[in-house]
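Descriptive structure summary
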Amino acid sequence: MKQSPEQREIEENLGPGAFSADGFLGSDPRSLADIIRDDQALVKSLGLTHQAIARQLGALIRLGLPGLGTPVPYGDHLEVIVMDYRGIIPCPFRDNVREEKRLTVCRDRLTGDAIRWTDLNVHMIAAHGFYEGRGSPFRVDPAEVQAMLGIQPDPEPEKTES
Ligand SMILES: [Zn+2]
């Protein structure tokens, strides 16, 4: 399939060295369009939306922020740690969005399992449906997120009664 120049530029931005040293695609051989399409199907199969996932990840950043570097308890046996790297990273999708360089880790104290995400992940999930490619250091796997956080699906839009 022939790509538009704009799409090619975005894929270049997502590669190593452009916006981040490791890039956002990892070792994933799929095209950007296929990565996004497959994750959309996965999110749908979990009964979720990109917005519901992004909202929950964003809420946990805000929960952990006051602790900066020290764990903040969440629920029965989870804890959230936010690490701030004091910098700004632009969104590689060329939309002029810039996010704080911040990493949030949510850890299960019972199992030791952990998931992690950046502020930029939250934006890219909400705005672009992009969770990064397989093998990327900051790939957010929707199934792992759901296994740990048990996100409630968005409520059905209210029907107007009158
Ligand atoms: Zn963006």
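So, here's what we can say about the structure. Quick caveat, the model's predicted, so the values are computed rather than measured. (Residues numbered from 1 in each chain as written. Predicted model: local features only at pLDDT ≥ 70, side-chain atom pairs only at ≥ 80, totals over all residues.)

Proteins that are soluble and globular tend to have nonpolar side chains buried together. Ile 53, Leu 57 and Ile 125 are the most contacted members of the largest nonpolar core, which totals 20 residues. Taken together, the elements giving at least two residues each to this core come down to helix H3 (50-64), strand S2 (78-90), strand S4 (114-118) and helix H4 (119-128). Among the elements that take part in this core, H3 stands out by supplying five residues, more than any other. Grouped together as the second largest cluster of nonpolar side chains are five residues, Leu 14, Phe 24, Leu 25 and Ile 35 included. (Core = buried A, V, L, I, M, F, W, Y, C linked by C-beta atoms within 7 Å. Buried ≥ 20, exposed ≤ 12 C-beta atoms within 10 Å, placed from the backbone. Helix = DSSP H or I, 4+ residues; strand = E, 2+ residues; numbered from the N terminus.)

A positive phi angle, near 50°, is found at Arg 86, a position not held by glycine. Even without glycine at this site, Glu 132 takes up a positive phi of about 80°. Checked against the element boundaries, Glu 132 lands in the loop between H4 and helix H5 (142-149). Its 26 C-beta neighbours within 10 Å are what place Glu 132 among the buried residues.

A separate point is the environment of Leu 57. Secondary-structure assignment places Leu 57 in helix H3. Residue classification places Leu 57 among the buried residues on the basis of 23 C-beta atoms within 10 Å. Not counting residues within four places of it along the chain, the set of residues in contact with Leu 57 comprises Trp 117 and Val 122. (Contact = placed C-beta atoms within 7 Å.)

Mapped onto the elements, Arg 62 comes out in helix H3. Sequence separation of Arg 62 and Ser 27 is 35 residues, and the distance between their C-alpha atoms is 31 Å.

Another aspect to go through is the environment of Pro 16. Along the chain, Pro 16 turns up in the loop between helix H1 (5-14) and helix H2 (32-45). In the structure, Pro 16 is positioned 60 residues away from Asp 76 in sequence and 39 Å away in space, judged by C-alpha atoms. If we ignore the near neighbours within four places in the chain, the residues touching Pro 16 are Ala 21, Asp 22 and Gly 23.

A separate point is the pairing of S4. Where strand S3 (residues 98-108) and S4 come together, five bridges link them in antiparallel fashion. Bridge assignment links Arg 107 to a residue of S4, and that residue is Ala 114. Linking S3 back to S4 in an antiparallel pair, the connection comprises five residues, with Gly 112 at a positive phi of about 80°. (Pairing = 2+ DSSP bridges.)

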